[in-house]
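Descriptive structure summary
Chain by chain, the residues:
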Amino acid sequence: MSNRYIVIMAGGRGERFWPLSRLRRPKHLLPIVGDQPMISQTLARIGELVPLDHTLVVTNCEQRQAVLEILPQLPPENIVGEPMARDTAAAVGLSAVLVGRLDPQAAFAILPSDHVIQDEAGFRRCLAAGFEAAEKEPDALVTIGIRPDYPATGYGYIQRGSVAREVGGWPVYQVTRFVEKPDRDTASGYLRSGRFLWNAGMFISRVAAVKKALSTHAPKVWRPLQSIQDALQQGEDLEPLLSRHYPAIEKISIDYAVMEKAASVLVLESGFDWDDVGEWPAVARHFPHDEADNVIQGKGLVRSGRANIVVGDGSHLTVLLGVDDLIVVQTRDATLVCHRSQAQQIKDVVKELAALPEGEAFI
């Protein structure tokens, strides 16, 4: 439909994929899984659900040029760089302003740029149903939940309640609550109950519904964005407005700011496969394993070792002998060696590097 838009959020730094992922070319701009950059796969997955000129990307200033080069099929004005990171509430609110400037009556979807979904047709069917739900429930915030198939502790969860309506035979549920990342026993209980879904960070709503929700529940996010909106209506240029007003926006996620507080939140239960590949061990799920459960990408050899992940740029050979459960990643200028159990801590190492005199050259 002509009044549907999609916004791809692409401002992350992908720090848990260091040293391959860097500030100017992070995870979503790399072929972490597959032959194309993750953001290219995201755009291709949309298919013809909306026209290309109805697709926007919200990234940051450091990455905007790389996004332009990777997605030349999008109009350059549709790729917007935030001057600084202000978390997802700011990105969603800015998206509402940008889409609202094009069509105040529009519904728009927010999609992360770096997820792995193989069932593209199933994804499009679910997203189309989400649009229909948002159009029929104009005050609602609609999200897509992923049906879990194991007790994941690295994802947030959505508890679904009763059916609010059906769209094209697809049940749309009331959201009872959002839950942060649980421990394993709690996650196992969620899985057994059948009432909990993984929170995939995908949202569909009318422009007006998003603006109202932010104004009501997150005024420290919305007030600077409203100043941007008002100035755009007076004909001012976007880039200087972002530089002027973005520092005042409260840094908070859309879940905390709005989704956990809003009165009308709906969820569709998806049936498509999904993985947010948030750290190196997740990548191993998508590549062949040898008999000892080792994964090797690039030139590598593992002897007398199990469950290792070896990633190289192809320029030299990496050999592991007599070690288990290691992650070894080599790039032109940096090498990472860590235990798989420490994969979440790579983000902290990147912060330490940033504080070193010459560290910025490696992030």
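Figured I'd write up the structure that's included with this text.

What follows deals with the packing of helix α6 (residues 207-217) against helix α7 (residues 219-233). At a minimum axis distance of 6 Å, the contact between α6 and α7 shows a crossing angle of 130°. Classified by the angle between their axes, α6 and α7 sit oblique to one another. In this structure, α6 meets α7 at a crossing whose hand is left-handed. For the pair α6 and α7, the contacting residues are Lys211, Leu214, Ser215, Thr216 and His217 in the first and Pro219, Val221, Trp222 and Gln229 in the second.

Relative to the elements of secondary structure, Arg195 occurs in the loop between α5 (184-193) and β8 (196-206). Placed 86 residues apart in sequence, Arg195 and Pro281 show a C-alpha to C-alpha distance of 27 Å. Not counting residues up to four positions away in its chain, the partners in contact with Arg195 are Ile158, Gln159, Arg160 and Tyr190.

In terms of nonpolar packing, the biggest core is built from 50 residues, with Phe108, Leu225 and Val258 touching the most fellow members. It is helix α3 (residues 87-102) that contributes the most residues to this core, nine residues altogether. Listed in part, the 49 residues of the second largest apolar core include Val50, Ile79, Phe123 and Val142.

Let us now look at the packing of aromatic side chains. Counting across every chain of the model gives eight aromatic pairs. Consider the rings of Phe123 and Phe272, whose centres lie 5.6 Å apart with planes at 80°: the pair is edge-to-face. In this pair, Phe123 sits in helix α4 (residues 120-136) while Phe272 sits in the loop between β9 (265-270) and α10 (280-283), placing the two residues 149 residues apart along the sequence. A relative accessible area of 4% means that Phe272 is categorised as buried. In textbook terms, an aromatic cluster arises when at least three aromatic residues are bridged by ring pairs, as seen for Tyr150, Tyr155, Trp198 and Trp274. Positioned above the aromatic ring of Phe123, the side-chain terminus of Arg45 is 5.9 Å from the ring centre.

A word on the packing of α7 against helix α8 (residues 238-245). Helix-helix packing is characterised by the crossing angle of the two axes and by the distance between the axes. Contact geometry for α7 and α8: axes closest at 10 Å, N-to-C directions at 155°. Judged on the interaxial angle alone, α8 and α7 are roughly antiparallel. Crossing angle aside, the handedness with which α7 passes α8 is right-handed. Contacts between α7 and α8 involve Pro224, Ser227, Ile228, Ala231 and Leu232 from the first element and Leu238, Leu241, Leu242 and His245 from the second. The residue inventory of the contact of α7 with α8, partitioned by class, reads seven nonpolar, two polar and no charged.

Attention shifts here to the pattern of salt bridges. Within this structure, the stated rule accounts for 12 salt bridges. Across the pair Arg160 and Glu269 runs a salt bridge whose closest N-O atoms are separated by 3.2 Å. Of this pair, Arg160 sits in strand β6 (residues 157-167) while Glu269 sits in strand β9, and the two are 109 residues apart along the sequence. The structure contains a network of salt bridges with shared partners spanning Arg13, Glu15 and Lys351.

Mapped onto the fold, Arg332 is located in the loop between β14 (326-330) and β15 (335-339). Separated by 20 residues in sequence, Arg332 and Gly312 place their C-alpha atoms 9.2 Å apart.

So, on to unusual backbone geometry. Trp18 connects to Pro19 through a cis peptide bond whose omega is 10°. The topology assignment puts Pro19 in the loop between β1 (4-9) and α1 (38-46). If you check the backbone angles, Val277 has positive phi at about 30° while not being a glycine. Here Val277 lies in the loop between β9 and α10. Of the residues examined, Val277 reaches a relative accessible area of 0% and is grouped as buried. Residues other than glycine seldom take positive phi values, yet Ala307 does so here, at roughly 55°.

With that out of the way, let us pick up the side chain of Asp103. When you line up the elements, Asp103 lands in the loop between α3 and β4 (107-112). Lacking a salt bridge, the buried Asp103 has Arg206 as its closest oppositely charged neighbour, with an N-O distance of 8.5 Å. In this structure the side chain of Asp103 is engaged in a polar contact, spanning 3.0 Å, whose partner is the backbone nitrogen of Gln105. Apart from the residues lying within four places of it in its own chain, the contact partners of Asp103 are Asn3, Tyr5 and Val207.

About the cut-offs
- Residues numbered from 1 in each chain as written.
- Predicted model: local features only at pLDDT ≥ 70, side-chain atom pairs only at ≥ 80, totals over all residues.
- Heavy atoms only, no water.
- Axes fitted to C-alpha atoms, helices over the stretch in contact; angles between N-to-C directions.
- Helix = DSSP H or I, 4+ residues; strand = E, 2+ residues; numbered from the N terminus.
- Parallel < 35°, antiparallel > 145°, perpendicular 65-115°, else oblique.
- Left-handed = near helix turned anticlockwise from the far one by under 90°.
- Contact = heavy atoms within 4.5 Å.
- Core = buried A, V, L, I, M, F, W, Y, C linked by side-chain atoms within 4.5 Å.
- Buried < 20%, exposed > 50% of the residue type's maximum accessible area, 1.4 Å probe, protein only.
- Phe/Tyr/Trp six-rings, centres within 6.5 Å; stacked < 30°, edge-to-face > 60°.
- Lys NZ or Arg CZ within 6 Å of the ring centre and 35° of its normal.
- Nonpolar A, V, L, I, M, F, W, Y, C, P; charged D, E, K, R; others polar.
- Salt bridge = Lys/Arg side-chain N within 4 Å of Asp/Glu carboxyl O.
- Lys, Arg positive; Asp, Glu negative; His and termini not counted.
- Polar contact = N/O pair within 3.5 Å; in protein donor to acceptor, adjacent residues only side chain to side chain.

Scope: geometric values only; no functional claims are made or implied.
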